[in-house]
Amino acid sequence: MASNPERRAALVDAGVEVLASEGARGLTFRAVDGEAGVPVGTASNYFTGRDDLLRQIDARLHERLAPDPRVLADLMTGPRDRSLVTAFMHDLMSRAQRDRTGYLALLEMRLEATRRPELRASYTKTIRGDLEYGMEFHRSAGLPGGDDTVTVLYLAMLGLILEHLTLPGVLDGVLPGVSVPEGLVERIVETVVPNSNA
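To start, this report covers the structure provided alongside it. (Residues numbered from 1 in each chain as written. Predicted model: local features only at pLDDT ≥ 70, side-chain atom pairs only at ≥ 80, totals over all residues. Heavy atoms only, no water.)

## Some thoughts on the environment of S122
Line of reasoning, step 1. Counting through the fold element by element, S122 comes out in helix α7 (residues 117-141).
Line of reasoning, step 2. Accessibility expressed as a relative area gives 26% for S122, which makes it partly exposed.
Line of reasoning, step 3. Spatially, the C-alpha atoms of S122 and E17 are 21 Å apart, while their sequence positions differ by 105 residues.
Line of reasoning, step 4. The residues contacting S122, other than those within four sequence positions of it, are R55 and D58. (Helix = DSSP H or I, 4+ residues; strand = E, 2+ residues; numbered from the N terminus. Buried < 20%, exposed > 50% of the residue type's maximum accessible area, 1.4 Å probe, protein only. Contact = heavy atoms within 4.5 Å.)

## Remarks on the nonpolar core
Line of reasoning, step 1. Counting residues in each nonpolar core, the largest one holds 53 residues, and the members touching the most others are I57 and M89.
Line of reasoning, step 2. Residue assignment for this core shows that the elements contributing at least two residues are α1 (5-22), α3 (50-64), α5 (82-98), α6 (100-115), α7, α8 (147-166) and α9 (182-192). (Core = buried A, V, L, I, M, F, W, Y, C linked by side-chain atoms within 4.5 Å.)

## Here's the deal with the side chain of R116
Line of reasoning, step 1. Along the chain, R116 turns up in the loop between α6 and α7.
Line of reasoning, step 2. With relative accessibility at 17%, the residue R116 sits in the buried group.
Line of reasoning, step 3. Not counting chain neighbours up to four residues away, the residues in contact with R116 comprise R50, D51 and L54.

## Digging into unusual backbone geometry
Line of reasoning, step 1. Here the bond from V180 into P181 is cis, since omega is 0°, no more than 30 degrees from zero.
Line of reasoning, step 2. The topology assignment puts P181 in the loop between α8 and α9.

## Considerations on α5
Line of reasoning, step 1. The terminal C-alpha atoms of α5, which comprises 17 residues, lie 24 Å apart, in line with the 24 Å expected from a rise of 1.5 Å per residue.
Line of reasoning, step 2. R82, L84, V85, T86, F88, M89, D91, L92, M93, R95 and A96 are the residues of α5 that are buried.
Line of reasoning, step 3. On the buried face of α5, the contacting elements are α4 (69-75), α6, α7, α8 and α9. (Expected span 1.5 Å × (residues − 1).)

## What to know about the packing of α6 against α7
Line of reasoning, step 1. Two elements in contact, α6 and α7, have axes whose closest approach is 6 Å; the angle formed by their N-to-C orientations is 135°. Here α6 lies oblique to α7, going by the angle between them. Between α6 and α7 the crossing geometry is left-handed. Residue-level contacts link L106, M109, R110, E112, A113, T114 and R115 of α6 to P117, L119, R120, Y123 and I127 of α7.
Line of reasoning, step 2. Within the contact of α6 with α7, the residues separate by chemical class into seven nonpolar, one polar and four charged. (Axes fitted to C-alpha atoms, helices over the stretch in contact; angles between N-to-C directions. Parallel < 35°, antiparallel > 145°, perpendicular 65-115°, else oblique. Left-handed = near helix turned anticlockwise from the far one by under 90°. Nonpolar A, V, L, I, M, F, W, Y, C, P; charged D, E, K, R; others polar.)

## Observations concerning the pattern of salt bridges
Line of reasoning, step 1. Summed over all chains, the structure comprises 14 salt bridges.
Line of reasoning, step 2. Between R95 and D91 there is a salt bridge, and its shortest N-O distance comes to 3.0 Å. Placement of both R95 and D91 in helix α5 is noted, with a separation of four residues, approximately one turn of the helix.
Line of reasoning, step 3. For R95, a relative accessible area of 12% gives the class buried.
Line of reasoning, step 4. Given a relative accessible area of 14%, D91 falls into the buried group.
Line of reasoning, step 5. A salt bridge links R139 to D147, with the nearest nitrogen and oxygen atoms 2.4 Å apart.
Line of reasoning, step 6. Taking the relative accessible area as the measure of exposure, R139 reaches 44% and is therefore partly exposed. (Salt bridge = Lys/Arg side-chain N within 4 Å of Asp/Glu carboxyl O.)

## Quick notes on the packing of α3 against α7
Line of reasoning, step 1. Two numbers describe how α3 lies on α7: the axes approach to 11 Å, and their chain directions differ by 10°. Comparing the axis directions of α3 and α7 gives the class roughly parallel. Taking contact as the criterion, the partners of D51, L54, R55, D58 and H62 in α3 are, on α7, E118, L119, S122, Y123, T126, I127 and D130.
Line of reasoning, step 2. For the contact of α3 with α7, a count of residues per class yields four nonpolar, three polar and five charged.

## Notes on the packing of aromatic side chains
Line of reasoning, step 1. Per the stated rule, a full pass over the model turns up three aromatic pairs.
Line of reasoning, step 2. For the pair F29 and F47, a centre-to-centre distance of 6.2 Å together with 35° between the ring planes defines the contact as tilted. Of this pair, F29 sits in helix α2 (residues 29-36) while F47 sits in the loop between α2 and α3, and the two are 18 residues apart along the sequence.
Line of reasoning, step 3. Aromatic ring contacts, followed pair by pair, group F88, Y133 and F137 into a single cluster.
Line of reasoning, step 4. In this arrangement the basic side chain of R8 is found over the ring face of F47, its NZ or CZ atom lying 5.7 Å from the centre. (Phe/Tyr/Trp six-rings, centres within 6.5 Å; stacked < 30°, edge-to-face > 60°. Lys NZ or Arg CZ within 6 Å of the ring centre and 35° of its normal.)

As structure tokens, this is what we get:
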């Protein structure tokens, strides 16, 4: 296996692009080589197989889509109330819009996991870990609501991101006077998150 970390990272990012644009069936080493602009056969020198590439894409997507620690630290200076949760959800939506390709690739990973039991087990563990981290963060930060609040927020935001990135016309004007996606983010938080720590 080749060990140039910069080349490996570029190939993984090329894999993200291919996954988002062509789906899992189009994710071949040849397609990754083409997207990365490297000679045919390069990707096969860096990954033991397609499953290895998918695992590395999964890890890379979580890096790309993670909150910026500086933004997180800045947000945490505010009061621990519903408005802070709203700011977190706006940041999540903003990250999804900035890296649309990354989120589409993440959705493709979900679909591929339905077909591949070994990927499903690994991917389920990763996503479940993200959800549990969110619950722990919410509790330790003293934000309003509990694990049920975080779970419902997770489900609602996942649905909003899915619709907004794939079929945005579904949501346009669905609630008169509510902007998409910003106003819908606020509506979700208002509906799900209690107004106080009580």
